[in-house]
Number of protein chains: 2
Amino acid sequence: MSGTTAGPRYSGVFPVVPTIFDAAGALDLEGQMRCVDFMLDAGSHGLCILANFSEQFLLSDAERELLTARILSHVAGRAPVIVTTTHTSPLVCAERSRQAQELGAAMVMVMPPYHGATIRFGEAGILGFFQTLSDAIDIPIMIQDAPVSGTQLSAPLLAKLATSCEQVRYFKIETPFAAAKLRELIALGGAAIEGPWDGEEAITLIADLEAGATGAMTGGGYPDGIRQIIDPWVAGDKEAARAAYQRWLPLINHENRQCGLLAAKALMEAGGVIRCGDGRAPLPPLNPAAREQLLSMAKSLDTLVLRWG
Amino acid sequence: MSGTTAGPRYSGVFPVVPTIFDAAGALDLEGQMRCVDFMLDAGSHGLCILANFSEQFLLSDAERELLTARILSHVAGRAPVIVTTTHTSPLVCAERSRQAQELGAAMVMVMPPYHGATIRFGEAGILGFFQTLSDAIDIPIMIQDAPVSGTQLSAPLLAKLATSCEQVRYFKIETPFAAAKLRELIALGGAAIEGPWDGEEAITLIADLEAGATGAMTGGGYPDGIRQIIDPWVAGDKEAARAAYQRWLPLINHENRQCGLLAAKALMEAGGVIRCGDGRAPLPPLNPAAREQLLSMAKSLDTLVLRWG
């Protein structure tokens, strides 16, 4: 079943598109489209929308649907777009995913089912979930393996999902010791692992590339910087890739550990890409000192985001 | 401000209405209305819909809206209905709550904001959340203090919410050592604590009544049994209440520890109230032995649910 596909094989830099709000917390669709245009101009090979770094957990279903339709129509095939369609119910997730496919999504990204601090599902529930989803669509599924789901997905379970569910082909690994998990997954799943990907703002990018990662899902603020690492790596110049990583690592680390999902929007606001970089309530504002350091690091790296506006 | 209200003061037995699905996982609205009618016939003083025991985390927004409208219209004032409107975003929660109020909800029940295993918000975020919600509606808010939110709500914080947010008046405590927390909350909040309530299938009911609880939000399978405990208590006959509790406790304990949210639906299916008692995927089916014991206990107590259909 899985492991072969007639469609394209996606790789490279696919950053997460932040959701843009105005100061009152309403969707800012104009700013949203400028954000998308900037991210494409900055060299993104593709985009991912409605991820956790898009504050998906703060959106209503209607807002998700509106953003999916508007962004896909605005991108209009300029780059492949991954749509996050995570939901605890496989029926609701499958319906969301069918809608995203109809609107032109290249792929869906989905976490295993979970709710809150305590509601989890066993291996049978997880396998059934992804089987239902896979049967409902014709585009690839990326499983997001992230701590927020509170669900342990072992490499053997992920490989089993890849070989038993036709559309399960991509894996974004952002749990601790990601590189070791990518290696084990590739060894176990073989050709069924069409896309073993790096995540978590590229904080483990070189280790993940060494392990065989073919894509990186990063924050949205500096795709141009991530390209400076990935491009030489893909061209076979590991030395240059490592040097670029060392250059960008303080900024990546600062985003990962001090700013989180507000980093991309703070950079975009400072660069005039968007008018308001606030997260939606109840997210607290970005710490002013963390913001200042972020902007200073980005400036010294001559990131496009600060010049684009 | 808070502590006084012109509206009614709700008390007594307000069980959670399970959401009824067919074998394919679609909403069964006919079965849903029979379920509601049974629960009213069984003596519920009021009802709560879309709670965690209603599998709210497995519903789409559209399904929530449909269930709210249809159930409120079907109940048609026969009893007050509490609608759960929990969402991570205060804006989305406020909008849902306004809609519920317009449709005739007597109260909304809301957990503090949270998402998944790791995303939590501090005291300022929680206070801001309930302030936004309180400002948006004119009906009381019940704060649900449950482990699933992964959020510690201290009694001083709950009392602060009661005194600072006008509509925050009811509290369903289902965290460990609930009775002690109810006592502390009542001592700190005084008249602002309009409804200190028991929850969690009544597993701590007598301890909570001793602590001053005025309402109980239980499972939906045997409101007639919970009435046998609460009615004498309210009439001042603690001896009779304790004897009734002892009679019903094995069933309550079996629901709480062995069956969870599937208990009410298993009883309703066995009694012919509904056709299908399945939970929605990815919930696993009720263990057959646990189900058999549940039905046997319910039968020996002559519960209405097994005779109603």
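As annotated in an unreviewed UniProt entry, chain A carries the name 2-dehydro-3-deoxy-L-arabinonate dehydratase and comes from Humitalea rosea. Among the UniProt annotations of chain A, the heading Sequence similarities (unreviewed entry) holds the following wording: "Belongs to the DapA family."

1. Examining the overall build of chain A
Regarding its fold elements, chain A presents 12 helices and 8 strands. Taken over C-alpha atoms, the radius of gyration comes to 18 Å for chain A, in line with the 19 Å a tight globule of 309 residues would show. Counting only C-alpha atoms, chain A reaches 50 × 45 × 40 Å along its principal axes. Within the span of chain A, comprising 309 residues, buried residues form 56% of the whole. Considering only intrachain contacts with a sequence separation of at least 6, the fraction spanning at least 24 residues in chain A is 74%.

2. Considerations on the sheet that holds strand β4 (residues 107–110) of chain A
Residues and elements named next belong to chain A. In space, the 8 strands of this open sheet follow the order β1-β8-β7-β6-β5-β4-β3-β2, with parallel pairing throughout. Of all the strands in the sheet, just β1 (12–13) and β2 (47–49) have a single pairing partner and so form its edges. Sheet analysis places β2 next to strand β3 (residues 81–84), joined by 3 bridges and oriented parallel. Counted as the bridge partner of Leu47 is Val81 from β3.

3. Some thoughts on the sheet that holds strand β7 (residues 195–198) of chain B
Residue and element names in this part refer to chain B. Spatial strand order, β1-β8-β7-β6-β5-β4-β3-β2: 8 strands in an open sheet with parallel pairing. Here the strands that pair on one side only, and so sit at the sheet edges, are β1 (12–13) and β2 (47–49). In this fold helix α4 (residues 123–136) packs onto β4 (107–110), β5 (141–145) and β6 (168–173), with an angle of close to 155° to the strand it touches most, β5.

4. A word on the packing of helix α3 (residues 90–103) of chain B against α4(B)
Residues and elements named next belong to chain B. Look at α3 against α4: their axes get within 9 Å of each other, and the N-to-C directions meet at 25°. In terms of axis orientation, α3 runs roughly parallel to α4. The crossing of α3 and α4 is right-handed. Within the contact between the two elements, α3 uses Pro90, Cys93, Ala94, Ser97 and Arg98 and α4 uses Gly128, Phe129, Thr132, Leu133 and Ala136. Each residue belonging to the contact of α3 with α4 can be placed in one class, and the counts come to 6 nonpolar, 3 polar and 1 charged.

5. Some thoughts on helix α9 (residues 238–259) of chain A
Residue and element names in this part refer to chain A. Of all the bends in α9, the greatest reaches close to 50° and is centred on Trp248; the proline Pro250 follows between one and four positions later. Taken as a whole, α9 has its buried residues at Ala241, Ala244, Tyr245, Trp248, Leu251, Ile252, Glu255 and Cys259. Here the buried face of α9 lies against α7 (205–211), α8 (223–234), α10 (262–270) and α11 (288–300). Within two residues after α9, Gly260 carries a phi angle of roughly 60°, on the positive side.

6. Some details on the packing of helix α1 (residues 29–41) of chain B against helix α2 (residues 61–75) of chain B
All names here are of chain B. Following both chains from N to C, one finds α1 and α2 inclined at 45°, their axes separated by 10 Å at the closest point. By the angle between their directions, the pair α1 and α2 is classed as oblique. Between α1 and α2 lies a crossing of right-handed hand. Across from Leu29, Gln32, Met33 and Val36 in α1, the residues of α2 making contact are Arg70, Ile71, His74 and Val75. Considered class by class, the residues forming the contact of α1 with α2 number 5 nonpolar, 2 polar and 1 charged.

7. Brief notes about the relation of the copies chain B and chain A
Structural alignment of chain B on chain A gives an RMSD of 0.0 Å, achieved by rotating through 180° and translating 0.0 Å along the axis. A rotation of that kind, with that shift, is consistent with a two-fold axis. Taken as a fraction of all interface residues of chain B, those also at the interface in chain A reach 100%, which identifies the copy contact as same-surface.

Criteria and thresholds
Residues numbered from 1 in each chain as written. Chains lettered and ligands numbered in written order. Predicted model: local features only at pLDDT ≥ 70, side-chain atom pairs only at ≥ 80, totals over all residues. UniProt positions renumbered as here; feature names shortened; annotations may be inferred. Helix = DSSP H or I, 4+ residues; strand = E, 2+ residues; numbered from the N terminus. Rg over C-alpha atoms; globule rule 2.2 N^0.38 Å. Buried ≥ 20, exposed ≤ 12 C-beta atoms within 10 Å, placed from the backbone. Contact = placed C-beta atoms within 7 Å. Pairing = 2+ DSSP bridges. Axes fitted to C-alpha atoms, helices over the stretch in contact; angles between N-to-C directions. Parallel < 35°, antiparallel > 145°, perpendicular 65-115°, else oblique. Left-handed = near helix turned anticlockwise from the far one by under 90°. Nonpolar A, V, L, I, M, F, W, Y, C, P; charged D, E, K, R; others polar. Bend = angle between axes of the 7 residues up to and from the residue. Least-squares fit on C-alpha atoms with pLDDT ≥ 70 in both.

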